[in-house]
Amino acid sequence: MKHGLLGAATTLGGLLLALAAGAAAPPPTEKPSAEVQAQMSGQQGGSEADPGAALFAEHCASCHDGLVERAPHVSFLQMMAPDAMLQSLDTGVMRQQASKLSAEQRGQVVEFLTGGRPQPPAFPPKNCAPDRMAFDWDDPPFQAGWGVDHSNRRFIPAGVARLSPAAVPRLELKWAFAFPGATRARSQASFAGGAVYVGSQDGTVYALDRETGCVRWRFRAGAEVRTGITLTPWQRGRRQETAPLGYFSDLVARVYAVDLRTGELVWVTKVDDHPNATATAQPVLYGDRVYQPVSSLEVVPAADPGYPCCSFRGSIVALHALTGEVAWKRYTIAESPAEVGKNSHGTPILAPSGAPVWNTPTVDASRGLLYFGTGENYSSPAQDTSDAILAIDLATGVRRWVFQATEGDAWNLACMPFIPDKANCPEENGPDVDFASPPALVDDDGREILVAGQKSGDVWALDPATGKLVWHRRVGRGGNQGGQHFGLAVEGRRVFVPISDYDDSMLPVAEARPGLYALDAFTGETLWATPAANVCGQRKDCDPGISQAVTAIPGVVFAGHMDGRLRAYDSSTGKVLWEVDTDREWPTLSGEPARGGSFGGGAGPIVVDGRVYALSGYGLYFHMPGNVLLVFGAP
Ligand code: HEC
């Protein structure tokens, strides 16, 4: 148990948290869930020691146990910032439910749920001088979204990156920005109007001046924004008639549009009413539509034999870009879940369920298609659309083809070896090998191929017209944090595949192959392999693998490792050209304490105008916490 899994697992909650990492997604922090706490203290409704627990059991649990539509499961409440939750009880959507509680009691419930006292957040001041505030129409966005281009190649052209391989070894810190109170930083930077836009753990989205890092504006969403911000495109110097918008989503499946000039809210839409629904994928903007994938954390409550497992189905929701109205919603599983039997406790089993969508779809404008990957089923029987790549019609969402990489994968946390009562574990019992990466559409002189990495460590290449398999290669050992976790990058016909192969102690260490690999997109041939050196030493929660997506510029691939190193690799040889250890304290403009840690989550570094923007800190699933946006440039 290298990472002290058993130690942490002396609380069932800690165990669930550790294991839910298998879902490529973020259940709660260090704190056991309310139900688990109640179970541990041997009481159904809170304990005398914690008045907040008793208040929660009396006034809140009936709706937040995961069975009431729209009401987020308690595991999501635990991930909220304390002050944001207090605001929702005092003046927000929960004011009526909390009206019987005194101010002190509201504070107690918040502290019980979030583990923190609700204090006014120590926001960095809006500290830009007037000449750093102006929205610059001469700086249009170069990113179509998460994958830099709509093909999800994560390739930044020379004219945008403006960083030569020769200058890379001289990169040094330009400025750093601290996300207050955060333990993880997994959004991705977007650029336009002279600003860098970025989300954060307490739900604050920032517009920072690109040159100096001062704060132009901030917008507070209700829950963590782990997606990047997708920007309205415009042509250089051409002022738009409509407001330039930024689109992003929060942890309880709300999609937002804000005015990029001011941070004012334009619309917000909740795209799924399931209590465990979440949005981890950065939305896609194409034409007048915003496409939001929906995922979930229902694998967590499923560990409880009294929970009717499972009722969530993954989907893609298309919204009108200007209004946020839902145009259509297409589920990854056509049939709605219904009772198919009872588990050994007499709790209903619901199926089909699962096949969540974790990451940003790929747009194929010429074929009029949207491609994305799915995760496993949650209950039995498994379907033919789980662990699959799907192609749907851009305009209507109608399915065109399905390529299923792994058949018969139904899994939830009840299947974990340490869960004493496995009543809700489906008979398929795994192997839990989601696609948390979107496929990249590779184009080489008019020849096209779709390349996708899976948590199993496999890479699949498909014909984009038909979904037929062209080649397949096993690159990593795989594991519940990948394998190929969150995304690859492409330069020309070369595909860069980051491998996590996290040492979670349940899989053979000898077969782990963490590192960066380059494959030919059309043949699958290995061009080079650079296994990650293990430089962790005695560092706690340090791991050499790469979980987050990587990013390419001409000649160089940037990769953030879970050991806290940001590395630049020569893209023709795999040689490491430069690295920096971000697991340390960093000086910030505001004087706010900033610390780096592991690189994790779905996003990755972005390179623009000779500078590299990377977010460090991943205080989940036994990785090193941190709260910093780092900007490196050559002198
Ligand atoms: C009658 C059912 C019900 C009860 C009782 C209830 N809630 Fe809620 N809660 C909901 C629903 C439904 C939502 C989602 C509202 C929405 O999305 O508009 C919600 C949302 C929330 C949110 C998220 C708010 C946000 O801004 O995103 C928090 C926090 C919350 N509840 C806390 C509590 C607490 C604490 C209690 C007990 C004092 C409580 N709730 C009692 C049904 C309930």
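A brief report on the enclosed structure follows.

1. Thoughts on the site of the ligand
Within the structure, the ligand sits among 19 residues, and Cys60, Cys63, His64, Met94 and Arg254 are positioned closest to it. One of the side-chain N or O atoms of His64 is found 2.8 Å from a nitrogen atom in the ligand. Sorting the residues of the shell around the ligand by element identifies helix 5 (61–64) and helix 7 (82–90) as the ones contributing at least two each. In terms of residue class, the shell around the ligand is built from 12 nonpolar, 4 polar and 3 charged.

2. Some remarks on the pairing of strand 9 (residues 265–270)
With 5 bridges connecting them, strand 8 (residues 254–259) and strand 9 associate as antiparallel partners. Of the residues in strand 9, the one forming a bridge with Val258 is Leu265. Connecting strand 8 to the next strand, strand 9, in antiparallel fashion are 5 residues, including Gly263 with a positive phi near 85 degrees.

3. What to know about the environment of Gln97
Looking at where Gln97 falls in the secondary structure, it is placed in the loop between helix 7 and helix 8 (103–114). On the basis of relative accessibility, which here comes to 41%, the residue Gln97 falls in the partly exposed class. C-alpha of Gln97 to C-alpha of Cys60: the two residues are 37 residues apart in sequence and 7.7 Å apart in space.

4. Examining the coordination of the iron atom of the ligand
Ligation of the iron atom of the ligand by protein atoms is provided by His64 (NE2) and Met94 (SD), these donors lying 2.1 Å from the ion. Owing to a relative accessible area of 10%, His64 belongs among the buried residues under this scheme. The partly exposed category is assigned to Met94, whose relative accessible area is 26%.

5. Observations concerning the sheet that holds strand 23 (residues 458–462)
Think of a sheet as strands paired side by side through backbone hydrogen bonds, with each pair either parallel or antiparallel. Read from one edge to the other, the open sheet built from 4 strands follows the order 21-22-23-24, with strand pairing classed as antiparallel. The open sheet has two edge strands with one neighbour each: strand 21 (440–444) and strand 24 (469–474). Recorded for the sheet is a direction-independent mean angle of 20 degrees between the axes of neighbouring strands.

6. Notes on the pattern of salt bridges
Under the definition given, this model contains 34 salt bridges. In this structure, Asp209 and Arg216 form a salt bridge, with 3.5 Å as the shortest nitrogen-oxygen distance. Ionic pairing is found between Arg565 and Glu579, a salt bridge with its closest N-O pair at 3.3 Å. Residue Arg565 is located in strand 31 (residues 565–570), and its partner Glu579 is located in strand 32 (residues 576–581); the two are separated by 14 residues in the primary sequence. For Arg565, a relative accessible area of 13% gives the class buried. Taken together, the shared-partner salt bridges connect Arg539, Asp563, Arg565, Arg567, Glu579, Asp581, Asp583 and Arg595 into one network.

7. Focus: the sheet that holds strand 19 (residues 388–393)
Ordered by their spatial adjacency, 4 strands build an open sheet running 17-18-19-20, and the pairing between neighbours is antiparallel. On the outer flanks of this sheet lie strand 17 (362–364) and strand 20 (399–404), each paired with one strand and no other. Strand-to-strand, the axes of this sheet are offset by a mean angle of 20 degrees, without reference to chain direction. The pairing of strand 19 with strand 20 spans 5 bridges and is antiparallel. Directly across from Ala388, in strand 20, lies its bridge partner Gln404.

8. Some points on the state of the cysteines
Counted according to the given criterion, the structure contains 4 disulfides. Note that Cys128 is cross-linked by a disulfide to Cys214, the S-S spacing being 1.9 Å. Sign of the S-S torsion, about 100 degrees for the bond between Cys128 and Cys214, identifies this disulfide as right-handed. Taken together, the residues Cys128 in the loop between helix 8 and helix 9 (158–161) and Cys214 in the loop between strand 4 (204–209) and strand 5 (215–220) connect sequence positions 86 residues apart. Just as Cys128 is buried, Cys214 falls in that class too. Put simply, Cys536 and Cys542 are joined by a disulfide, and their sulfur atoms are 2.1 Å apart. In this structure, the disulfide formed by Cys536 and Cys542 twists by about -70 degrees around the S-S bond and is classed as left-handed. Residue Cys536 shares its accessibility class with Cys542, and that shared class is buried. What links to what in the protein chain: the bonded cysteines, counted in sequence order, pair as 1-2, 3-4, 5-6, 7-8.

Conventions adopted
Residues numbered from 1 in each chain as written. Predicted model: local features only at pLDDT ≥ 70, side-chain atom pairs only at ≥ 80, totals over all residues. Heavy atoms only, no water. Near = heavy atom within 4 Å. Polar contact = N/O pair within 3.5 Å; in protein donor to acceptor, adjacent residues only side chain to side chain. Helix = DSSP H or I, 4+ residues; strand = E, 2+ residues; numbered from the N terminus. Nonpolar A, V, L, I, M, F, W, Y, C, P; charged D, E, K, R; others polar. Pairing = 2+ DSSP bridges. Buried < 20%, exposed > 50% of the residue type's maximum accessible area, 1.4 Å probe, protein only. Donors = N, O, S within 2.8 Å, 3.2 Å for Na, K, Ca; no water. Axes fitted to C-alpha atoms, helices over the stretch in contact; angles between N-to-C directions. Salt bridge = Lys/Arg side-chain N within 4 Å of Asp/Glu carboxyl O. Disulfide = S-S within 2.5 Å.

On their own, these measurements won't tell you what the molecule is for.
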